[in-house]
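Structure assessment
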Amino acid sequence: MSDVRARPHAIGSPMDRIDGAQKVTGTATYAYEWPVEHAVYLYPLQSTIAAGRITSVDTAEAEAEPGVLTVLTHLNAPSLTRPDDPELAVLQTDEVAWRGQFTGAVVAETLEAARAAAGLVRFGYAPREHDVVLRADRDDLRKPEHAAQFGSAPGDLQDGSPADSLLGDADAALDSAPVRLDATYTTPMYHNNPMEPHTAVVSWDDGALTVYCSTQGSSFSQMLIAGVLGLPPDRVRVISPHVGGGFGSKVYPHSYAVLAAMAARTVRRPVKFALTRQQMFALVGYRPASIQRIRLAADGDGRLTAIAHEVAEQTAKAKGYADQVAVCTRLMYTAPHRRTTHRLAPLDIPVPTIMRAPGEGQGMFALESAMDEMALACGMDPVEFRIRNEPEVHPESGLPFSSRHLVACLREGARRAGWERRDPAPRARRDGRWLLGSGVAASTYPSPRLPGSSATIRVTPDGHHRVLIAAADLGTGTWTTLTQIAADALGVPVEQVEVRIGDTALPPASVAGFSSGISSWGSSICAAAMRLRQVLESDHGGTVPAQGLEVTADMPANPDEDRYAMHSFGAQFAEVRVDRDTGEVRVARLLGMFDVGRVINPKTVRSQLMGGMTQGMSMALYEHSVLDPRFGHVVNHDFGQYHIAANADVHAVEAHWVHERDPHTNAMGSKGAGEVGIVGTAAAIANAVYHATGIRVRDLPITLDKLLP
């Protein structure tokens, strides 16, 4: 594989964010802030039943309100060309598939008028009995059958992996092993809750649609929005240069953008629409709840002989979705007998979606908690138990890893965390009324490339290089890291590089998700840089012509893609303090040691890893979407009740990495860093809580009621 040029070493430098000044001065334009002339405002109507149909609609009082331009419902909404997608095909039927589903929209001259009029619309319903409770003993659990959006086949999970895997005879090995574990772990619904809410500003001009929206992939949004509206993709422009977080919820374009486009076409004015925090809990996805049974078997030397990981997770009846919860178990530890299964419970609930480290976030909590329990059952140190069961190749596919430095992460992380000073006995250390404990967990996440990216580079005689690609920056540092990659690939200082992203008028780009962005977009930029150098040398004698020069290149194929298993790894160490009287848990220290390949920018990578660990702490201790089975909706649907780790909850958080380049993932030698940080953190905290208290919590979040007698 070709390599980026070594000079002048922009890669590896802790360069300040190029967009930093815009962010702190408020001049970075987010979706809802784009100025459009004569804009009107949309406020949505939502179902108040969890399942059934609409029997009547009365909009007369709302339509009579001053400033109201229209009230859209299924009775008068424009027809869409893809009514088969119940999430995107809004207002196309009287059927209600979940509570909070769009049933209409009020468009008015002001947001206040639209919201007031929305309260005057009356719907009649014929509800049917709804079912919203996930249980592992349901008789309707089914193997995933939907085809995921990124090209997987029926029966696959959302990442394209098969739903089940089987090697050897796990049941027989479990029955005969001298040391066994059989435990069930649960994770609740989690909602992404990015700082910037989901929003869209849309306008029509001569049959063409412009959409300013908060998206993790403008090109992908363009394709799906165009398909639903029956437009050629080149008649839809999606603009999204700055995104205020997403955590996966902004990968797929949701119904709000389609609804805004329908409204704008109806009133023939630009429409602004921003979801409230409460509305987001029903309309833009969430991490589905899971019930996971893990069985482990080991011999007398602490070597695993069997691993079985069985998952039941919730999905929506309206539209299937399946996280790859047990896929991480297929690659983490060696054992000759193995089985993983995924089963879905179709419920009358909103459609789940990707949330940071989808699948691995839930699955590694269960697996790494079980590994901690098994280490104790074998009488081994939890770090050494993991190292003893380290595989030489992928345990199920047999492929070598492109790079795997998990043992180094465990060893160095243990050294930095002072693990050797740890008394292994639970409830052995105290500081006054505080019980002290420490725990460890491993983490992993794939490092893929996604198809569909191209890059254009324009160079002028004065040496200015403009790099164009419709990539997304969610606050992760894309503006900066792509500039560094381009500078090294072109062999010029970063001051001579200008990057443009976040607009479908630019060459297409894959979504910012699955820890794939930098690998996909950076590979495309490197290919374009190589093409530019070739054209300069072959056609222009190395001199830029007076009119400048422009080249475009697609992301090149990776010849190693099918020959190696490509994953990031890490080890998280947690120190906790638990109040023996109240059960309050405080995380005094989080330390992560990661294997993420060559680091493009230490400053932005550290930010990503620390953010992931903080989100993992929030997952472990606070976050829990509470679904009321009587009505089918999440009751704690705001920041007053859906608790997220705040500054006061976060104490010492450290992110470190091994300085090893991956020779097979891409031209930069990097691996994904955006998601691996969250993956092992919840388990490390749960293991530390057990060490502090002697109480094993297998059901997240770890709330004080689970730690009190």
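As a reminder, the structure under discussion sits directly above these lines.
Described in the following lines is the structure provided in the data block. Computed from a prediction, not measured in an experiment: that's the story for all the values here.

What about the pairing of strand E22 (residues 567-579)?
Here is the key point about a regular strand: its side chains alternate between the two faces of the sheet. Of all 13 residues in E22, 11 are buried; the element is thus mostly enclosed. As defined by bridge partners, strand E17 (residues 434-446) adjoins E22 across 13 bridges and the pair is classed as antiparallel. Within E22, the residue paired with glycine 439 across the bridge is alanine 574. Sheet topology note: the E22/strand E23 (residues 585-595) ladder contains 10 bridges and is antiparallel. Residue pairing for E23: alanine 571 is matched across the bridge by methionine 593.

A word on the pairing of strand E9 (residues 199-205)
Burial of E9 is extensive: five of the seven residues sit out of reach of the surface. Here E9 pairs with strand E12 (residues 271-274) via four bridges, running antiparallel. Across the sheet, alanine 200 pairs through a bridge with phenylalanine 273, a residue of E12. Bridge count for E9 against strand E10 (residues 208-213) is six bridges, and the pairing is antiparallel. Within the sheet, the bridge partner assigned to valine 201 lies in E10 and is tyrosine 212. What sits between the antiparallel neighbours E9 and E10 is a turn of two residues, in which aspartate 206 has the positive phi angle 55 degrees.

Overview of helix H13 (residues 517-540)
With 24 residues, H13 extends 33 Å from end C-alpha to end C-alpha; this agrees with the ideal 34 Å at 1.5 Å per step. Positive backbone phi, approximately 60 degrees, marks glycine 541, located one or two places after H13.

Observations regarding the packing of aromatic side chains
Enumeration over the complete set of coordinates arrives at eight aromatic pairs. Residues tryptophan 419 and phenylalanine 573 carry aromatic rings whose centres are separated by 5.6 Å and whose planes lie at 70 degrees to one another, so their mutual orientation is edge-to-face. In this pair, tryptophan 419 is assigned in the loop between helix H11 (406-417) and strand E16 (429-431) and phenylalanine 573 in strand E22, connecting sequence segments 154 residues apart. Judged by its relative accessible area of 9%, tryptophan 419 is buried.

Focus: the state of the cysteines
Scanning the model with the defined rule gives zero disulfides in all. The structure places no disulfide on cysteine 328, whose sulfur is separated from the nearest cysteine sulfur, that of cysteine 409, by 17 Å. According to the relative accessible area criterion, cysteine 328 is buried, its value standing at 1%.

Remarks on unusual backbone geometry
Look at the link from leucine 700 to proline 701: it is a cis peptide, with omega at -5 degrees. Along the polypeptide, proline 701 turns up in the segment after helix H16 (681-693). One non-glycine residue, histidine 38, lies in positive phi territory at about 60 degrees. As for its placement among the helices and strands, histidine 38 is situated in the loop between helix H1 (20-25) and strand E1 (40-46). Backbone geometry places phenylalanine 247, a non-glycine residue, at a positive phi of 55 degrees.

Points about the nonpolar core
Ranked by size, the top nonpolar core spans 111 residues in total, and within it Leu296, Leu304, Met332, Phe573, Val576, Ile685 and Ile702 carry the most contacts. Counting residues in each nonpolar core, the second largest holds 43 residues, with Ala487, Val497, Ala509 and Ala553 among its members.

The rules behind the values
- Residues numbered from 1 in each chain as written.
- Predicted model: local features only at pLDDT ≥ 70, side-chain atom pairs only at ≥ 80, totals over all residues.
- Heavy atoms only, no water.
- Buried < 20%, exposed > 50% of the residue type's maximum accessible area, 1.4 Å probe, protein only.
- Helix = DSSP H or I, 4+ residues; strand = E, 2+ residues; numbered from the N terminus.
- Pairing = 2+ DSSP bridges.
- Expected span 1.5 Å × (residues − 1).
- Phe/Tyr/Trp six-rings, centres within 6.5 Å; stacked < 30°, edge-to-face > 60°.
- Disulfide = S-S within 2.5 Å.
- Core = buried A, V, L, I, M, F, W, Y, C linked by side-chain atoms within 4.5 Å.

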